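A structural walkthrough
Next come the chains, spelled out residue by residue.
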Amino acid sequence: MPEPQQDEVDRLVDAWRRERADLDLRPMEVLSRVSRLSHHLDRARRQAFTEHGLESWEFDVLAALRRAGSPYELSPGRLLKETLVTSGTMTNRVDRLAARGFVARLPDPKDRRGVLVRLTDAGRATVDGALSALLDREHELLAGLDAGAQRQLAGLLRSLVVAFEN
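Residues numbered from 1 in each chain as written. Predicted model: local features only at pLDDT ≥ 70, side-chain atom pairs only at ≥ 80, totals over all residues. Heavy atoms only, no water.

1. Description of the side chain of threonine 126
- With respect to the helices, strands and loops of the structure, threonine 126 is situated in helix 6 (residues 121–141).
- The contact partners of threonine 126, leaving out residues within four places of it in the chain, are His52, Leu54 and Phe102. (Helix = DSSP H or I, 4+ residues; strand = E, 2+ residues; numbered from the N terminus. Contact = heavy atoms within 4.5 Å.)

2. Topic: the pattern of salt bridges
- For the coordinates displayed, the defined rule picks out 18 salt bridges.
- With a shortest N-O distance of 2.8 Å, arginine 33 and aspartate 7 are connected by a salt bridge. Residue arginine 33 is found in helix 2 (residues 26–51), and its partner aspartate 7 is found in the segment before helix 1 (8–19); the two are separated by 26 residues along the sequence.
- A relative accessible area of 25% places arginine 33 in the partly exposed class.
- Looking at aspartate 7, the relative accessible area reads 28%, which means it is partly exposed.
- The residue arginine 137 makes a salt bridge to glutamate 51 at a minimum N-O spacing of 2.4 Å. One end of the pair, arginine 137, is in helix 6; the other, glutamate 51, is in helix 2, with 86 residues separating them in the sequence.
- Accessibility expressed as a relative area gives 17% for arginine 137, which makes it buried. (Salt bridge = Lys/Arg side-chain N within 4 Å of Asp/Glu carboxyl O. Buried < 20%, exposed > 50% of the residue type's maximum accessible area, 1.4 Å probe, protein only.)

Have a look at this one:
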């Protein structure tokens, strides 16, 4: 079987091994690649969202509403939990999305003082298009791995991420 191609991380690790043979560089071999992939993913996200006239934060809010299922609405508090921002930031974001016609504020029938944020038809069409474009780019990023390798990698990454999210 042929040797796998070397990447920039291999070159960096080789240089560090030469200079610091006393260190265990295995974390660098993994996490430097994760970091580099993150940069490629960020670029792919920006391109996909720009094609649909969205900023990343706009996609995040619209996607949270879309994932909620019909009628595609959430309370501002639930949106906070879904997007991990402060209430002041969320108010500003909902205002800006409402001005673009992507969301509407409605009275909460279960709480006379509350409101619900609902995805409009325009918001749904925009987030659906942006999601399709994003997935196309993500498929391109993973093109070097077959379906089995992608499942294996997803499982390994899940094992790492779970430790930080629980």
